[in-house]
Amino acid sequence: MRILLVGATGTIGKAIAAALGRRHELFLASRQQAPLHVDIADPASIRGLYAKVGKVDAVVSAAGQARFKPLDELSDADFRFSLDNKLMGQVNLIRYGLGSIADNGSITLTSGILAQQPSRGSGAISLVNAGLEGFARTAALEAPRGIRINVVSPPWVTETLQALGMPLQGGLPAATVAQAYVRGVEGTATGQVISP
Ligand SMILES: NC(=O)c1ccc[n+]([C@@H]2O[C@H](COP(=O)([O-])OP(=O)(O)OC[C@H]3O[C@@H](n4cnc5c(N)ncnc54)[C@H](OP(=O)(O)O)[C@@H]3O)[C@@H](O)[C@H]2O)c1
């Protein structure tokens, strides 16, 4: 398959690239570090990426940022950033991407555990994660030509917990998390939130 992987240079994205790259042709994208450049917060940038890559069988996103702050510190700008980036960025990967995806292809996006298991400070992130899951379920109903749409909801990733100096309990290695994206691409599910 020809697979466009957005967020390809991140902790999760690198593990997805390693898992899928053995069997498929990958097109790696991120804002700066990957060979193909895209900023998912910018609709024109997403359109430009699809125009450059052409027809693909699958799109995978392991990109998207949202602000982590206590409720009384979250500003209007913090909400705007989170909505434009992790939520609308990935919504637009679906909206602008459907025409570039082959029959029976797939889109696999990323939410996160904070949608279902919030913590103090996760208001903006929980909002966009849950919003993305809701949108993807609906978009899967309307996607044409057998295109499947799913969202992977990672738990904390062990490598991220290590980098943050946090306890590793409850974390999963990025390589294990990446297998959920492989299921999204190579499986038959649609409209699902896939938990690694
Ligand atoms: N790691 C965890 O524990 C964890 C747990 C649950 C959910 N998640 C979610 O999983 C996703 C990936 O997490 P991660 O830890 O792998 O992140 P990461 O290590 O920070 O990597 C992010 C990747 O996305 C790219 N990127 C960032 N902003 C972008 C943008 N606006 N447009 C296009 N590419 C962009 C980055 O490259 P450039 O800098 O070159 O753009 C990089 O390739 C995030 O949405 C995160 O919220 C992560």
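On a predicted model such as this, the values are computed, not experimentally measured, just so you know.

Digging into the packing of helix α2 (residues 43-53) against helix α3 (residues 76-97)
Here comes step 1: For the pair α2 and α3, the least separation of the axes is 10 Å and the interaxial angle reads 45°. As the angle between them shows, α2 and α3 are arranged oblique. Once α2 is placed against α3, the crossing between them reads as right-handed. For the pair formed by α2 and α3, the contact residues are Pro43, Ile46, Arg47 and Tyr50 on the first element and Gly89, Asn92, Leu93, Tyr96 and Gly97 on the second.
Here comes step 2: Per-class residue counts for the contact of α2 with α3 are five nonpolar, three polar and one charged.

Observations regarding unusual backbone geometry
It is generally the case that most residues other than glycine have a negative phi and that most peptide bonds are trans.
Here comes step 1: Here the phi dihedral of Asn104 falls at roughly 60°; this positive angle occurs in a residue that is not glycine.
Here comes step 2: Its place among the elements puts Asn104 in strand β5 (residues 101-110).
Here comes step 3: Phi is positive for Arg145, which is not a glycine, with a value near 55°.
Here comes step 4: Judged by relative accessible area, which is 35%, Arg145 ranks as partly exposed.

Structural notes on the layout of surface pockets
Here comes step 1: In this model, the largest pocket occupies a volume close to 1,100 Å³.
Here comes step 2: Sorting the residues of the lining of the largest pocket by element identifies α1 (11-20), α3, α4 (123-142) and α5 (158-164) as the ones contributing at least two each.
Here comes step 3: Residues belonging to the lining of the largest pocket are distributed by class as follows: 17 nonpolar, 16 polar and four charged.

Looking at the side chain of Thr110
Here comes step 1: Of note, Thr110 is situated in strand β5.
Here comes step 2: Engagement of the side chain of Thr110 in a polar contact is seen with the side chain of Tyr181, the distance being 2.7 Å.

A short note on the site of the ligand
Here comes step 1: Around the ligand, 26 residues are found, and the nearest of them are Thr9, Ser30, Arg31, Gly64 and Thr160.
Here comes step 2: Between the ligand and the protein, one listed contact pairs a nitrogen atom with a backbone N or O atom of Ile40 at 3.0 Å.
Here comes step 3: Between the ligand and the protein, one listed contact pairs an oxygen atom with a backbone N or O atom of Val157 at 2.9 Å.
Here comes step 4: Comparing atom positions with the cavity grids shows the ligand to sit within the largest pocket.
Here comes step 5: Looking at the shell around the ligand, the elements with two or more residues in it are α1 and α3.
Here comes step 6: Of the residues assigned to the shell around the ligand, the class counts are 10 nonpolar, 13 polar and three charged.

Calculation rules
- Residues numbered from 1 in each chain as written.
- Predicted model: local features only at pLDDT ≥ 70, side-chain atom pairs only at ≥ 80, totals over all residues.
- Heavy atoms only, no water.
- Axes fitted to C-alpha atoms, helices over the stretch in contact; angles between N-to-C directions.
- Helix = DSSP H or I, 4+ residues; strand = E, 2+ residues; numbered from the N terminus.
- Parallel < 35°, antiparallel > 145°, perpendicular 65-115°, else oblique.
- Left-handed = near helix turned anticlockwise from the far one by under 90°.
- Contact = heavy atoms within 4.5 Å.
- Nonpolar A, V, L, I, M, F, W, Y, C, P; charged D, E, K, R; others polar.
- Buried < 20%, exposed > 50% of the residue type's maximum accessible area, 1.4 Å probe, protein only.
- 1 Å grid on protein atoms, 1.4 Å probe; cavity = no way out; pocket = protein on both sides within 12 Å on 5 of 7 lines; lining within 4 Å.
- Points joined across faces, edges and corners; volume = space filled by probe spheres on them.
- Polar contact = N/O pair within 3.5 Å; in protein donor to acceptor, adjacent residues only side chain to side chain.
- Near = heavy atom within 4 Å.
- Sits in = over half its atoms within 2 Å of the grid points.

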